[in-house]
Amino acid sequence: MSRVSVSKSRVRPIARNASLERHTQRFLELRRELEQIDYFCRGTVLKRMMKCGKAQCACASDATKRHGPYFELTYKANGKTVNVKLSPEAAPLYRAAAQQYRKLKTLLNRLDKLSKTVLRHQAKLAESKRQN
Ligand SMILES: [Zn+2]
């Protein structure tokens, strides 16, 4: 982009359009990143070592002798915590999916913020056309 000196009265609309252009570009960039999102899943994968409950078992008194690891996916649905047991093979798949979900959420928040900024610009432009 080249810088052109302009009279003061023309600075505002040009600056507004340049900034609108920048926001639009950023929006398109982030939207492309959405396409990179792989299978996703809300929640967190937990790794747990468990006591079996038998009083004579070593796990009852020694934390290092607990059984496991056991994996579970935990998330909230309708205000309740849901736990889903996962096999050791499934755990890394769900862990990666949970990470994708967090990435998706971050992207969505940024897109939402950018959209609102662009909408505000577009509304101002539309309003200025009405006044002229
Ligand atoms: Zn035990």
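Scoring rules and cut-offs
Residues numbered from 1 in each chain as written. Predicted model: local features only at pLDDT ≥ 70, side-chain atom pairs only at ≥ 80, totals over all residues. Heavy atoms only, no water. Helix = DSSP H or I, 4+ residues; strand = E, 2+ residues; numbered from the N terminus. Buried < 20%, exposed > 50% of the residue type's maximum accessible area, 1.4 Å probe, protein only. Contact = heavy atoms within 4.5 Å. Areas by Shrake-Rupley, 256 points an atom, 1.4 Å probe, with all protein chains shown as cover. Donors = N, O, S within 2.8 Å, 3.2 Å for Na, K, Ca; no water. Tetrahedral: all angles 85-135°; square planar, octahedral: opposite > 155°, others 65-115°. Salt bridge = Lys/Arg side-chain N within 4 Å of Asp/Glu carboxyl O.

Engineer: Just checking my understanding: could you explain the overall build of the chain for this structure?
Structural biologist: What the chain contains, in helices and strands, is 2 helices and 3 strands. In sequence order, the secondary structure elements of the chain are arranged as α-β-β-β-α. Burial analysis of the chain (132 residues in total) assigns 20% to the buried set. A separation threshold of at least 6 residues defines the contact pool for the chain, and within that pool the share at least 24 residues apart is 59%. Element-wise, carbon and sulfur atoms account for 52% of the exposed surface of the chain, whose accessible area totals about 10800 Å².

Engineer: What is the right way to look at the coordination of the zinc ion in this model?
Structural biologist: Ideal values differ by geometry: the angle at a metal is 109.5 degrees with four tetrahedral donors, but 90 or 180 degrees with six octahedral donors. Within the first shell, the zinc ion binds the protein through Cys52 (SG), Cys57 (SG), Cys59 (SG) and His67 (NE2), at distances of 1.9 to 2.3 Å. With 4 donor atoms in place around the zinc ion and angles of 102 to 117 degrees between them, the coordination shape is tetrahedral. Along the chain, the residues donating to the zinc ion fall in the pattern C-x4-C-x1-C-x7-H. Of the two residues, Cys52 is situated in the loop between strand 1 (44-50) and strand 2 (67-77) and His67 in strand 2; the sequence distance between them amounts to 15 residues.

Engineer: What exactly am I supposed to notice about the pattern of salt bridges here?
Structural biologist: Here the structure, examined in full by the defined rule, presents 4 salt bridges. Arg48 is the salt-bridge partner of Glu72, the closest N and O atoms lying 2.3 Å from each other. Linking Glu72 in strand 2 with Arg48 in strand 1, this pair joins segments that are 24 residues apart in sequence. Residue Arg48 is classed as partly exposed on the basis of its relative accessible area of 35%. A salt bridge links Lys116 to Asp112; the nearest nitrogen and oxygen atoms lie 2.8 Å apart.

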